[in-house]
Amino acid sequence: MEVMKTVKYALILDDVWDKFILHGIGIPEPTMENGCKIVITSRSIDVCNYLKCQIVKVHLLSEQESLNLFLDKVGQDVLRIPKLEEILKLMVAECAGLPLAIVVIAGSMRGVQDIFEWRNALRELRQCVVDTEKDSDDEIYNRLKFSYDRLPNSSIQKCFLYCSLHPEDWMIRRQDLIEAWICEGIVEKLGSRREMHDKGNAILNRLLNCCLLEEAYDKACVKMHDVVRDMALRIKSTGPDMFMVKAGMRLTNIPDEDEWNEDLDKVSLMKNVISCIPQNMSPKCLMLSTLILEGNEGLRQISEWVFGNMPRLKFLDLSNTSIEVLPNSICNLEYLTALILCRCKSLERMPSLSKLKALKKLDLDEAGPREAPEGIEMLENLEYLDLSCPNLRVLPRGKISKLFRLQCLRKHRIFPTEMRGEEVARFEMLEWFEGRFDWLKDYSSFVSKLNPFGRPSHYFIEVGDTDKDEKGHFWKFNNNDLPKQVILSRCKMGEEDELVLPDGLQDLTIEYCNAVGDISIFQKDPTQLRKCALRECQGIGCVVSLSSSSSTSLTVMNNLEVLSLLYLPSLQDVLKVEKTISPLIFSNLKQLTIFCCSKLKKLFPCELVQVQGLQNLELIEVDDCRGMEEIIGWEEEEEGNQTTTPILIPFPKLRILKLKSLVELKRICPERRVMVCESLSSINIYFCPKVKRIPLCLGRENVKPSLPAVKSIYIDNPNEWWESLEWENLDDKIVLLPFLKYNELL
C-alpha cells in the first residue's frame with residue numbers, strides 16, 4: 001500500500017458491509033490536494049455515512065425498465081402467447097423493481113408456454129411476498145426463493161444448494177462440482193459415469209437457464225451471485241439437514257464444538273487458514289454427511305478423535321492441506337464413499353483402508369505417500385481411483401486387480417507400473433484411463449483385450465520411457481470431447497512387437513522409437529485419428545502405405561487434422577499408393593509440418609492431389625529436408641498426352657506456405673501445374689536457391705487478381721532472385737510486389 005501514498009489513484013471497493021478506517025488498512029485518505037478517489041458500493045447506508053461518502057442512491061427500476069429486463073431474460077416469444085400480457089405485467093410488478101429478482105424470476109419462467117402455468121406462477125409469487133416487510137432482507141429473499149421453489153425436483157434443488165458450500169464469488173469448476181454431486185449421491189446412479197456427467201451438465205444448464213447460477217471462465221466454471229448464495233444459505237440455516245458454511249472467511253481456528261449442531265448435514269470450512277484441529281476436538285454430529293476442509297494449506301494436524309462422533313460421514317475432502325498423518329478414526333467411517341486427498345503433498349502415512357467397504361472414490365492426485373494405501377485391494381466398491389502420487393514408485397502386481405467396479409483409473413506417468421496389460425483390460429467397466437506401460441507388449445495386450453463396447457471411452461496411454469518434462473495430462477474428469485491419446489516413446493517396433501492402435505484413437509505421438517526394418521506406420525485406416533506426430537524415430541520409411549489388397553476403404557484418415565513429421569532420417573514417403581487405387585485421403589488435414597527428414601524427396605504424390613484430398617489444408621511447413629526436390633510430385637506424361645493448358649491444383653483454404661532450407665528443391669509443382677490458393681496470406685521461402693518458379697494462382701480461373709489475401713512474403717534472397725522467378729500469371733507478381741519483405745536474421 002506504500003505506493004498509494006506516492007501516486008494518484010482511483011480505488012473501487014465493491015459490496016462493503018462493515019465499517020472500517022481507511023488508514024487502518026493502509027489506504028491514504030482521498031483529498032482535493034492528492035486528487036485520489038474512492039468509490040464504494042454498499043447496501044448499508046450506515047457504512048456510507050461512516051466513511052463520509054457522497055451518497056448516490058441506485059434507484060429501483062421503473063415499470064418499463066423492469067418489463068424490458070424481464071422480457072430480455074424470459075424471451076420475447078412470450079408476447080405471442082394469447083392473453084399473457086396482463087399477467088406478465090402483474091408478475092413484473094411483483095418483482096418490485098429489483099433487478100436480481102427480475103432476472104432470476106424471468107429465468108425460472110423461460111420456456112413456459114401455458115397460460116395456466118403463468119397464472120399459477122403469479123399466484124405462488126404473490127403468496128411468497130404477501131408477508132414481506134418493505135425494505136427488509138425478506139423483500140429480495142422471498143422473491144428469489146420463488147425461483148428455487150419452481151425447480152422441478154428435489155435433486156436439482158440439492159445440486160443448487162450444494163454450490164453454496166463454496167466461498168462467496170468462487171469460481172467452481174463444472175466437472176469438479178459434478179464429481180462431488182456423484183459422490184454425494186445427489187445425481188442418481190446411471191449406467192455409466194459418462195451418463196452421470198451428462199446428467200450433471202444438464203442440471204447445471206438448467207440452473208444457468210434459471211439464472212440461479214452464472215457462467216464464468218469460458219463456460220468451464222460457474223459461480224453464485226452473492227445474494228443468491230445468501231438465499232441458499234438461509235434455506236439451509238434451519239431444519240433437519242442444516243449447513244454450516246464458513247468458507248473463505250480466513251478462520252485460523254476450527255469453530256467451537258457448541259457451533260456444531262447435531263442436525264448438521266454438511267460443513268464447509270474450505271479456503272481458510274486453519275492450522276490444526278486440537279486433540280480434544282470431537283464435535284457430536286451424528287447426521288453429518290459432508291465435511292470439507294479443502295484449501296487450508298497450513299493444516300498439519302487432525303485430532304485423532306475428530307471423526308469419532310461423525311458415524312454417517314460420506315464425503316471427506318482434505319485436499320490441498322499439509323496433513324502429514326491421517327487419523328486412525330477414519331477407518332471407522334463405514335459409510336464413507338469419497339476420500340479426497342489430492343495435493344496433500346506432506347501426507348506420509350495412511351491407516352489401513354480395508355474397513356471402508358462403501359468407499360467409491362479415492363483421490364490421491366499429487367499426494368505424498370510413497371506406498372500404495374494398505375487395504376486398497378479390499379475396496380470392492382471403488383469406482384474412481386487416482387494414484388498419481390509423485391513419490392509412489394511401485395505398485396505391486398495384483399494390488400488393484402480385484403477392483404472390478406473401477407470406472408476411472410489414473411496412475412502417475414513417472415513411476416514404474418508392474419501392472420500388465422491384461423490386468424488393466426479386465427476392468428470391463430473402465431471408462432477413463434490414464435497410465436503408462438513399460439513395454440510395448442503390455443500395451444498391445446491391453447489394446448487387444450479392450451472392452452468390445454467401446455470402453456474405456458477416454459484414455460491417455462504412455463508406453464515406454466516417455467519424456468518426463470513434457471506435460472501430457474489432459475484430463476481431471478472433463479466431460480468434453482477429449483482426445484483418446486497414445487504416446488509411444490523409446491520402443492522397438494517391428495518383428496514380434498507389432499504396433500496395435502486402439503479403435504477410436506484420436507491423438508498419436510511416436511517418439512524416439514527404433515523400427516526393425518523399413519516399416520510403415522499405418523497399414524490400415526485409423527478412422528478417428530485427428531492428430532499425429534512422429535518424432536526422432538529410426539527406420540520409419542513411410543507414414544501411410546496402401547495397396548489394392550489393403551483392408552482400407554476409399555476414404556483414408558479422413559479425420560486427421562494435424563500431421564507433424566520431425567527428425568525422421570529414414571522417411572522416404574508420406575504416402576505410398578498403388579496406381580490401381582485412388583483413395584480420398586487427408587480430406588480434413590489442416591496442418592502439415594515436416595522438419596529434418598533428409599531422405600524425403602517429394603511431399604505429396606500426384607495420387608493425393610488428383611482426387612482433391614487436401615481441400616482443407618491451411619498450413620504447409622517444410623524445413624531442413626535436404627533431399628526434398630519437389631513439393632507436389634507428378635509422373636512424367638507420355639508425349640502424346642502433354643497439353644499446354646495449365647492443370648489447376650486447388651488449395652482453397654491454404655493460408656500459410658513455409659519452405660526453408662530445402663537446398664535441393666527444384667520446383668513446388670511440375671510444369672503446366674498451378675496451385676490455386678485463394679486464401680493464401682503468408683509465403684515464406686528461405687534458402688531454397690534452386691526454386692525458379694512460383695506456380696501460384698491467387699484467384700479463381702480467368703479472374704484477374706486485385707487485392708489478394710496475401711499480407712506478407714518473406715524471402716532471404718536478394719531482389720534479383722525475385723525478378724528471375726517464372727510466373728504463371730504476371731499479374732500475380734505485380735499484385736504481390738508491395739508485400740515483399742526480406743529477412744536477414746535467419
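Residues numbered from 1 in each chain as written. Predicted model: local features only at pLDDT ≥ 70, side-chain atom pairs only at ≥ 80, totals over all residues. Heavy atoms only, no water.

**Details of the overall build of the chain**
The number of helices and strands found in the chain is 15 helices and 38 strands. For the chain, the share of sequence-separated contacts (at least 6 apart) that also reach a separation of at least 24 residues comes to 63%. Total accessible area on the chain is roughly 36,100 Å²; 48% of this is exposed by carbon and sulfur atoms. (Helix = DSSP H or I, 4+ residues; strand = E, 2+ residues; numbered from the N terminus. Contact = heavy atoms within 4.5 Å. Areas by Shrake-Rupley, 256 points an atom, 1.4 Å probe, with all protein chains shown as cover.)

**Digging into the environment of K399**
Its location among the elements puts K399 in the loop between β12 (384–387) and β13 (408–411). The contacts of K399, once residues within four sequence positions are left out, are A372, P373, E374, G375, I376 and E377. Side-chain polar atoms of K399 contact the side chain of E377, separated by 3.2 Å. (Polar contact = N/O pair within 3.5 Å; in protein donor to acceptor, adjacent residues only side chain to side chain.)

**Points about the sheet that holds strand β5 (residues 221–223)**
The strand order β3-β5-β4 describes an open sheet built from three strands, whose pairing is antiparallel. Two strands lie at the open edges of the sheet, namely β3 (172–173) and β4 (214–216), each paired on one side alone. In the sheet, β3 pairs with β5 via two bridges, with the strands oriented antiparallel. Bridge pairing links R173 to C221 in β5. (Pairing = 2+ DSSP bridges.)

**Let's talk about the layout of surface pockets**
Considered as a void within the structure, the largest pocket measures approximately 2,100 Å³ in volume. Along the wall of the largest pocket there are 49 residues; nearest its centre are T41, S42, R43, S44 and V58. Looking at the lining of the largest pocket, the elements that each hand over two or more residues are β2 (37–40), α1 (45–50), α4 (99–109), α6 (138–149) and α10 (226–235). The leading source of residues in the lining of the largest pocket is β2, at four residues. Looking at the lining of the largest pocket residue by residue, the class counts come to 25 nonpolar, eight polar and 16 charged. A volume near 620 Å³ is recorded for the second largest pocket. (1 Å grid on protein atoms, 1.4 Å probe; cavity = no way out; pocket = protein on both sides within 12 Å on 5 of 7 lines; lining within 4 Å. Points joined across faces, edges and corners; volume = space filled by probe spheres on them. Nonpolar A, V, L, I, M, F, W, Y, C, P; charged D, E, K, R; others polar.)

**Here we look at the packing of helix α7 (residues 154–162) against helix α9 (residues 193–209)**
In the contact formed by α7 and α9, the axes pass within 10 Å of each other and the chain directions differ by 75°. Put simply, α7 runs roughly perpendicular to α9. Contacts from I156, C159 and F160 of α7 reach α9 at I203, R206 and L207. Tallied by class, residues from the contact of α7 with α9 come to five nonpolar, no polar and one charged. (Axes fitted to C-alpha atoms, helices over the stretch in contact; angles between N-to-C directions. Parallel < 35°, antiparallel > 145°, perpendicular 65-115°, else oblique.)

**Section: the packing of aromatic side chains**
Summed over the entire model, instances satisfying the criterion amount to six aromatic pairs. Ring centres 6.5 Å apart and planes at 55° place the aromatic pair F70 and W118 in the tilted group. You can see F70 sitting in helix α2 (residues 63–74) and its partner W118 sitting in helix α5 (residues 115–129), a full 48 residues away along the chain. Here F70 and W118 have matching classes, each one buried. (Phe/Tyr/Trp six-rings, centres within 6.5 Å; stacked < 30°, edge-to-face > 60°. Buried < 20%, exposed > 50% of the residue type's maximum accessible area, 1.4 Å probe, protein only.)

**Regarding the state of the cysteines**
Taken as a whole and assessed by the stated rule, the structure comprises zero disulfides. Counting only cysteine sulfurs, C625 is the nearest neighbor of C596, a cysteine outside any disulfide, at a range of 7.1 Å. (Disulfide = S-S within 2.5 Å.)

**Quick notes on the packing of α2 against helix α3 (residues 85–94)**
Contact geometry for α2 and α3: axes closest at 10 Å, N-to-C directions at 105°. Classed by the angle they form, the pair α2 and α3 counts as roughly perpendicular. Here S66, L67, F70 and L71 of α2 come into contact with α3, specifically with L88, K89, M91 and V92. Of the residues assigned to the contact of α2 with α3, the class counts are six nonpolar, one polar and one charged.

**Observations concerning the sheet that holds strand β32 (residues 673–676)**
Within a sheet, adjacent strands bond to each other through the backbone by hydrogen bonds, running parallel or antiparallel. With respect to topology, three strands assemble into an open sheet ordered β30-β32-β35, the strand pairing being parallel. Two strands in the sheet have a free side with no partner beyond their single neighbour: β30 (647–650) and β35 (696–697). Here β30 runs beside β32; their pairing, made up of four bridges, is parallel. Residue pairing across strands places L648 opposite V674, the latter belonging to β32.

**A look at the pattern of salt bridges**
With the rule as written, the count across this model stands at 30 salt bridges. The partner of E85 in a salt bridge is K89, and the shortest N-O contact between them spans 3.6 Å. Taken together, the residues E85 and K89, both in helix α3 and four residues apart, mark about one turn of the helix. What makes K89 partly exposed here is its relative accessible area of 43%. (Salt bridge = Lys/Arg side-chain N within 4 Å of Asp/Glu carboxyl O.)

**Considerations on unusual backbone geometry**
Of note in this structure, E366 is not a glycine but carries a positive phi near 60°. Structurally, the position occupied by E366 is in the loop between β11 (361–363) and β12. Assessed through its relative accessible area of 34%, E366 is described here as partly exposed. For F687, which is not a glycine, the phi torsion comes out positive at approximately 50°. Inspection of the secondary structure puts F687 in the loop between β33 (682–686) and β34 (693–694). Residue F687 is classed as partly exposed on the basis of its relative accessible area of 38%.

**Considering α10**
The buried count for α10 comes to eight of 10 residues, which makes it a mostly enclosed element. Among all positions in α10, only D226, V227, V228, R229, M231, A232, L233 and I235 are buried.

**Comments concerning the pairing of strand β20 (residues 531–535)**
Sheet faces and side chains relate simply in a regular strand, where the side chains alternate between the two faces. In this sheet, β20 lies alongside strand β18 (residues 507–511) in parallel orientation, the contact comprising five bridges. Counted as the bridge partner of L508 is C532 from β20. Here β20 runs beside strand β23 (residues 562–566); their pairing, made up of five bridges, is parallel. Following the sheet pairing, C532 is matched in β23 by L563.

**Some thoughts on the confidence of the model for the chain**
Averaged over the chain, the pLDDT score is 83; the fraction of residues at 70 or greater is 85%. In this model, residues 468–480 is a region of pLDDT below 50 whose contacts with residues beyond four sequence positions or in other chains number 48 contacts. Here residues 700–707 is a poorly scored stretch, pLDDT under 50, and it has nine contacts once near neighbours within four places are set aside; other chains count. (pLDDT = per-residue confidence, 0-100.)

**Some thoughts on the side chain of S445**
One can find S445 in helix α12 (residues 440–448). Judged by its relative accessible area of 13%, S445 falls in the buried class. Non-local contacts of S445, meaning those with residues more than four positions away in its chain, are made with G421 and E422.

**A look at the nonpolar core**
Residues W260, F586 and F604 are the most contacted members of the largest nonpolar core, which totals 140 residues. With residues up to four places along the chain from it excluded, the contact list for W260 reads M244, I254, P255, V267, L269, M281, P283, K284, C285, L288, L291 and M310. Membership of the second largest hydrophobic core comes to 52 residues, among which are I140, Y148, F243 and I292. (Core = buried A, V, L, I, M, F, W, Y, C linked by side-chain atoms within 4.5 Å.)

**A short note on the environment of F446**
Assignment of secondary structure puts F446 in helix α12. When the C-alpha positions of F446 and G421 are compared, they lie 4.1 Å apart, and in sequence the two are 25 residues distant. Once you skip the residues sitting within four places of it in the chain, F446 turns out to touch G421, V424, A425, F433, F437, P456 and I461.

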